[in-house]
Amino acid sequence: MTSTSEPSPETSQIENRRVRLERLLQIASHDFDLRFDFGNRDLIGESQIVLKASPKIALNASLSLLKGRALNLLGHSLAKSWEWYDAAVRQESQGKHGFATLWHALEDARVENWFICRYPGARKFFEANMLPNLGGNFLRRMYIGEQCEIGLYLEGRGYRGARYADKVRQVLDEVAADICEGAHGGSPNDSYQAMLRIFPVMADILELDAPWNPKQRERDTSEQVYENKTEEGQGVPQGASPEFVEEDGLFSVSVKGERREFPEWFRPGSAPWFERDLGKKEIHPSAMRTSRQTIVEPPKGDLDAYRALRSEIRGEVGFLANRLTNLIKEEIYLRYAGYYRTGRLNKAKLWKQRIGNYRLFQRMVSGVSQAVAFTILVDESASMKGQEKYKLATKAAVLLGEALHAVGSPFEIIGYTTQDYEARAALKLGLVPAYQYRTTRCSPLEHRIYKRFDEPFPNTRVRLTGIEPRHNNWDEEHLWFAFQRLQARPERRKVIIVICDGQPNGDANYLIETVMMIESAGCSLVGVGIGADYVRQIYTRPIVESDFRQLTQGLFQVLAAEFRSR
């Protein structure tokens, strides 16, 4: 019997992503027999790699994030990390509790550093897995063991800006040389030997961490899966390491782990920050504010800093302003166009009457219209600090401000964030564990209006140097705030340009529904992706460019389309 059924669009998209990742791993490993798939856990087998990702994550996650996780598994496969993993587990059986977990974090850093040296373009894929706010206080609230684990990974990758507890920072500084040696070694043996030197220094503070200490808390199981490479006659002594469980030609090793108060998505290489179907959104009564109460006085800014910033993008500003000005000049005069039965006779088309075509007339058409009001929303959430995305967002805001000012269009610029970190606000309100309240807004919104519609841009442009990462963001509510202000404008057409990394708090479905609602009300929405391509999943008109000049080209196309008559 022949089936004529077609796969669903979601299935086709997941398969397309699987194929792209499989090709990437084949090229990186020079093994074109290698197969890749998604599954319910990470697996490394003979010519096969399985990435732990549900269909929902495989479909909605950033492709860069999936590439980073897949390349990490490939690195472990190429380096044969499983051989040293068994040795790390034996160290745990000898009383060094947490040794395998800490070594694995250092080995992750070594594998990624090796990949970046071999393929420099892989850096952006691994950075997509980074915690969004390394400079905040979030890490300091984790258990000491968690901080040591993430600290080994981040320090090994060269990120020293994270904030840990004082005793963790002291220990990491003390073993910095060993971390560097292990994270930049050529084999898993280097990271293993480095961990043998590091662990005695960390052991004292790990013993003090009761919740993380496996002696004082019931331990659960977290799995890292490798293929059984133990040769016959060279078995591991009884009790030294977990048993191998055969499944579909792959073998799993169970790692003794510790119960985590924080879920998996808080750690490097975990689930994406753009998540859907998390559940109903709620707002805590203490976080309720009117739109007027959410407005915060913006910083005054630094004139010298603005001049330096303006000089960096002088060419792009000139290009965008001149192109828009020329567009308006070219189209502002009355023109005749079209093919009608009445109007102004087009003598050049008189010959068409011989073939029965009598549409020989043209009518006046109007040129571009400047009756467009713009709102520029700039994401000031903590995730914008990673890769210094906020600096690129500031440049984009200055570029748009200078260009729209040059053509005389009304606009305003708003920075959006929350008053505090959501996790901290939840803890203060007694909502623990905080991760279970990800869909609850516990902190009031904040909107810094850097330039209002009725303010001259030359008097306010210096404020834009005050754009910086702050706390969290609930994009759907910030969008609605901007839309309500824009609705009060008399211009016939209204446009909101959102400059962000596309990583909202809570369930992203609410943001997507808000975007559809605003667009159905006749307002155009444009998402400018900074450092990530999540905006492609949110906005119907996304702009994602890695180069600032290409970003300028994309902005010109958007602005030109809005200025032209419809």
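Residues numbered from 1 in each chain as written. Predicted model: local features only at pLDDT ≥ 70, side-chain atom pairs only at ≥ 80, totals over all residues. Heavy atoms only, no water.

Quick rundown of the pairing of strand E3 (residues 48–52)? Include the residues and the values.
The pairing of strand E1 (residues 35–39) with E3 spans five bridges and is classified as parallel. Note that in E3 the partner of Phe36 across the bridge is Ile49. Bridge count for strand E2 (residues 43–45) against E3 is three bridges, and the pairing is antiparallel. Across the sheet, residue Ile44 finds its bridge partner in E3, namely Ile49. What sits between the antiparallel neighbours E2 and E3 is a turn of two residues, in which Ser47 has the positive phi angle 60°. (Pairing = 2+ DSSP bridges. Helix = DSSP H or I, 4+ residues; strand = E, 2+ residues; numbered from the N terminus.)

Just give me the short version of the pattern of salt bridges, but keep the residues and values in it.
Applying the stated criterion to the full structure yields 27 salt bridges. In this structure, Arg169 engages Glu155 in a salt bridge whose closest nitrogen and oxygen atoms are separated by 3.0 Å. Of this pair, Arg169 sits in helix H8 (residues 166–174) while Glu155 sits in helix H7 (residues 144–157), and the two are 14 residues apart along the sequence. Overall, Arg169 belongs to the buried group, its relative accessible area being 18%. When its relative accessible area of 9% is taken as the criterion, Glu155 is described as buried. A salt bridge links Glu468 to Arg470; the nearest nitrogen and oxygen atoms lie 3.2 Å apart. (Salt bridge = Lys/Arg side-chain N within 4 Å of Asp/Glu carboxyl O. Buried < 20%, exposed > 50% of the residue type's maximum accessible area, 1.4 Å probe, protein only.)

Can you tell me about the packing of H7 against H8, naming the residues and giving the values?
Viewed as axis vectors pointing N to C, H7 and H8 meet at an angle of 40°, and their least axial separation amounts to 10 Å. The hand of the H7/H8 crossing is right-handed. For the pair formed by H7 and H8, the contact residues are Ile144, Gln147, Cys148, Gly151, Leu152 and Glu155 on the first element and Lys167, Val168, Arg169 and Leu172 on the second. Here the residues of the contact of H7 with H8 are counted per class, giving five nonpolar, two polar and three charged. (Axes fitted to C-alpha atoms, helices over the stretch in contact; angles between N-to-C directions. Left-handed = near helix turned anticlockwise from the far one by under 90°. Contact = heavy atoms within 4.5 Å. Nonpolar A, V, L, I, M, F, W, Y, C, P; charged D, E, K, R; others polar.)

Hey, could you go over the nonpolar core for me, with residue numbers and the actual values?
One finds Phe374, Ile499, Leu559 and Phe563 to be the most contacted residues of the largest nonpolar core, which totals 43 residues. When residues of this core are assigned to their parent elements, the largest contribution, nine residues, is made by helix H13 (residues 389–407). Leave out the neighbours within four places in its chain, and Leu559 touches Leu320, Leu324, Phe374, Leu400, Leu404 and Ile497. (Core = buried A, V, L, I, M, F, W, Y, C linked by side-chain atoms within 4.5 Å.)

Describe the side chain of Lys281, and please don't skip the residues or the numbers.
Following the sequence through the fold, Lys281 ends up in the loop between strand E6 (250–256) and strand E7 (282–283). Side chain to side chain, Lys281 and Glu476 meet in a polar contact 2.7 Å long. Discounting residues that sit within four places of it in the chain, Lys281 has contacts with Thr439, Trp474, Glu476, Glu477 and Tyr510. (Polar contact = N/O pair within 3.5 Å; in protein donor to acceptor, adjacent residues only side chain to side chain.)

If you had to explain the confidence of the model for the protein to someone new, which residues and values would you point to?
Looking at the protein, the pLDDT average stands at 80 and 83% of residues meet or exceed 70. The low-confidence segment residues 1–5 (pLDDT under 50) makes zero contacts with residues lying over four places distant or belonging to another chain. The low-confidence segment residues 213–272, where pLDDT is below 50, has 135 contacts with residues more than four positions distant or belonging to other chains. (pLDDT = per-residue confidence, 0-100.)

Give a detailed account of the environment of Pro433, specifying residues and quantitative values.
Here Pro433 lies in the loop between helix H14 (422–428) and strand E14 (440–441). Separated by 10 residues in sequence, Pro433 and Ala423 place their C-alpha atoms 8.9 Å apart.

Could you give an account of the sheet that holds strand E8 (residues 295–296), naming the residues involved and the relevant values?
Spatially, seven strands are ordered E8-E15-E13-E12-E16-E17-E18 in an open sheet, and the strand pairing comes out mixed. Strands with a single pairing partner mark the edges of an open sheet, and in this sheet they are E8 and strand E18 (542–544). Looking at chain direction, strand E16 (residues 493–500) and strand E17 (residues 523–529) are connected through seven bridges and run parallel. Following the sheet pairing, Cys500 is matched in E17 by Gly529. Most of the contacts of H13 go to strand E12 (residues 372–379), to which it runs at about 165°, and overall it touches E12, strand E13 (411–418) and E16.

A description of the pairing of E17 should follow, citing residues and the corresponding values.
For E17, the buried fraction is high: seven of the seven residues fall into the buried class. With helix H17 (residues 508–520) bridging E16 and the parallel E17, this β-α-β connection has right-handed handedness. Bridge count for E17 against E18 is three bridges, and the pairing is parallel. Bridge assignment links Gly527 to a residue of E18, and that residue is Pro542. (Right-handed = clockwise from strand over helix to strand, strands pointing away.)

Give me unusual backbone geometry: which residues, what numbers.
We note that His30 has phi near 60°; this positive angle belongs to a residue other than glycine. With respect to the helices and strands, the residue His30 is situated in the loop between helix H1 (9–29) and E1. A residue is classified by how much of its surface remains accessible, and His30, at 57% relative accessible area, is exposed.

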